[in-house]
Amino acid sequence: MPIDFTLTPAQRELQLSARRFARSVLTEVAPATRHLPTPLARFVATRPFYAQLVKAGFLRRIIPMPFGGEGTGMLDMAVVAEEFYRVDPNVSLTMFATLLGLLPVTIGGSPEQQKAFLGPFLEGSGAPLAALCNSEPGGSANFDAAAPGEGTRTRARLEGGQWVIDGTKQWISSATGWDEQGADLLCVVCRTDADAPPDSGLSVLVVPRPEGGIVVERYHDSMGHRAHLTPRFRLEGVRTAQANVLGPVGSGKGLVAASFSATAALVGVFGTALMQGAFDFSLHFAKTQCRGGAVPIIEHQAVGYALADAKTAIEASRYLNWRACHALDTQSPAALELALQAKIYGSETAVRVITDLMRVVGIDSYDHDLPLAGMLQDALVLPLFDGGNMGVRRRQLHELLRSPDYDPLTASGAA
């Protein structure tokens, strides 16, 4: 039974093309944005880079083939994600957040909805944005909670053949768009029946480029991802056609869960990317810097051991990510468990490894003239977003373990 982690020739070419684009385009994002004073200004300054990414076909490349894109699976997506995110997490996250915004359409939309809503994202031009509007002020780990829990508080009611949506969302990547009027497509998680239990009272409504009703409350000035926008905003009487509900009315709970299951492994990839970038810098530093001594610091055993430990963690994270993505691609029964493990391990290991590498470099790593401080700032959110490891992801794993028919060998393929 061979186990082979070698990329196919097509995947290797994809990796190299993503690497070339990252080095030629995405390396320019930080110099163009870091001096700008506000989150909105920094985000708007990334638009030309995002537009180049779209024109180069990378957005189309991650949209799955059955829906008109060129994506051939999660593993290929992981290859692109590592190359992009290692160089610039900001524009990379904007692209993958747009994919997350489209996932409810690909998972739960009818063929007619998929054709209508995905079209603008397949054209290879402009800078189209999509957003999955789930999180709300006060937290959304329990978005599907029944009374007396609050769960999802955004409401939608039918009025004259249209859904009218009212509520507040926050931490929604790119949701207010480039002009503060709204992204090109919003998938809004809301209650369509306030009296029904969550299993039948939640829906996902598609709002293509709202004509009005998006009111920005604030832009989070976050510790990391300084040029990626995560607004808090109100939906005040936002309207969308009655037909723009995905799946049956009231089926939103499962649709949200399915969307975020697919992204868990990608967050693990983000962690691997940041670790690899930090390791590349630290290894070069250790080989070229004596720090006042007679020899480069890599000659010291403590430095060598720290680098060895970091590289081991990176390889373990990468292959767990790839295993999870392959399981998702093949619809393995172990896919969810592996994706959750990849997210938890990759995100938390990234924080630890980058911190350890900063110790190798020393106090200069605390200065933003070197890249490690920024990498740590970007890494710190990985255990917190896309379903926090404490409030969501470990709870999901716990539920799997509690299942009466859970087999601990399924994930390893040895059941």
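One numbering rule holds for all chains: residues counted from 1, following each sequence as written. For this predicted model, a pLDDT threshold of at least 70 governs which residues receive local features, and a threshold of 80 or more governs which side-chain atom pairs are given and counted, while totals over whole chains, interfaces and linings are taken from all residues. Hydrogens and water molecules were not included; the side-chain quantities draw on all heavy atoms of the structure.

Asks: Even after reading the chapter, I still don't get the side chain of His225, so can you show me in this structure?
Replies: Each helix is a run of H or I in the DSSP string that is no shorter than four residues. Each strand is a run of E no shorter than two, and both are numbered from the N terminus. When you line up the elements, His225 lands in the loop between β6 (214-219) and β7 (231-241). A contact between two residues is defined here by any heavy atoms of the two lying within 4.5 Å. Those residues within four positions of His225 in sequence are excluded, and the remaining contacts are Tyr85, Pro89, Asn90, Leu93, Asp378 and Val381.

Asks: Can you walk me through helix α1 (residues 9-24) in this structure?
Replies: Structurally, the α-helix is built with 3.6 residues per turn, so residues lying three or four positions apart point the same way. Under the convention used throughout, the expected extent of a helix is 1.5 Å for every residue step, that is, one less than its residue count. Helix length check: α1 (16 residues) gives 22 Å between terminal C-alpha atoms against 22 Å at 1.5 Å per residue, within 8%. Along α1, the residues classified as buried are Gln11, Leu14, Gln15, Ala18, Phe21 and Ala22. Buried positions in α1, seen along its axis, are confined to an arc of 130° and lie on one side of it. Of the residues in α1, the exposed ones pointing more than 90 degrees away from the buried face are Pro9 and Arg23. In this structure, the buried side of α1 is in contact with α4 (47-55), α5 (58-62) and α6 (74-87). Here the term buried applies to any residue with accessible area under 20% of the maximum for its type, exposed to any over 50%, and partly exposed to those in between, with areas from a 1.4 Å probe on protein chains only. The arc under discussion is defined with respect to the helix axis, by the directions toward the C-beta atoms.

Asks: I'm lost on a nonpolar patch on the surface in this one. Help?
Replies: Together, Ile3, Phe5 and Tyr319 give the surface a local cluster of nonpolar side chains, amounting to about 310 Å² of exposed area. Its relative accessible area of 65% is what places Ile3 among the exposed residues. Exposure above 30% relative accessible area and no salt bridge define the residues that can form patches, which grow by joining like charges within 9 Å and nonpolar side chains of Val, Leu, Ile, Met, Phe, Trp and Tyr within 5 Å. The method behind every accessible area is Shrake-Rupley, applied with a 1.4 Å probe, and residues are considered shielded solely by the protein chains displayed. Throughout this description, the term salt bridge denotes a Lys or Arg side-chain nitrogen within 4 Å of a carboxyl oxygen of Asp or Glu.

Asks: In this structure, what is going on with the environment of Tyr219? I would like to understand it.
Replies: Inspection of the secondary structure assignment puts Tyr219 in strand β6. Here Tyr219 falls in the buried class, since its relative accessible area comes to 15%. Each C-alpha atom, one on Tyr219 and one on Arg393, is 26 Å from the other, the two residues being 174 residues apart in sequence. Contacts of Tyr219, omitting those with residues within four sequence positions, involve Pro39, Leu40, Thr176, Glu180, Leu229, Thr230 and Pro231.

Asks: Explain empty space enclosed by the protein here, please?
Replies: One simple way to see leftover space: roll a probe sized like a water molecule over the atoms. The method works on a 1 Å grid over the protein atoms by themselves. A cavity is a set of points holding a 1.4 Å probe that cannot get out, a pocket is an open set with protein on both sides within 12 Å along at least five of seven lines, and residues with an atom within 4 Å of a point line them. Grid points are joined across faces, edges and corners, and a volume is the space filled by probe spheres set on the points. Under the criterion given, the structure shown has two cavities of 30 Å³ or more. There is about 40 Å³ of room inside the largest cavity. Lining the largest cavity we find Leu14, Arg61, Ile62, Gly71, Thr72, Gly73, Asp76, Met77 and Val80. Mapped onto the lining of the largest cavity, the elements with two or more residues apiece are α5 and α6. Top contributing element to the lining of the largest cavity by residue count: α6, with three residues. Its boundaries defined by the atoms lining it, the second largest cavity holds a volume of some 30 Å³.

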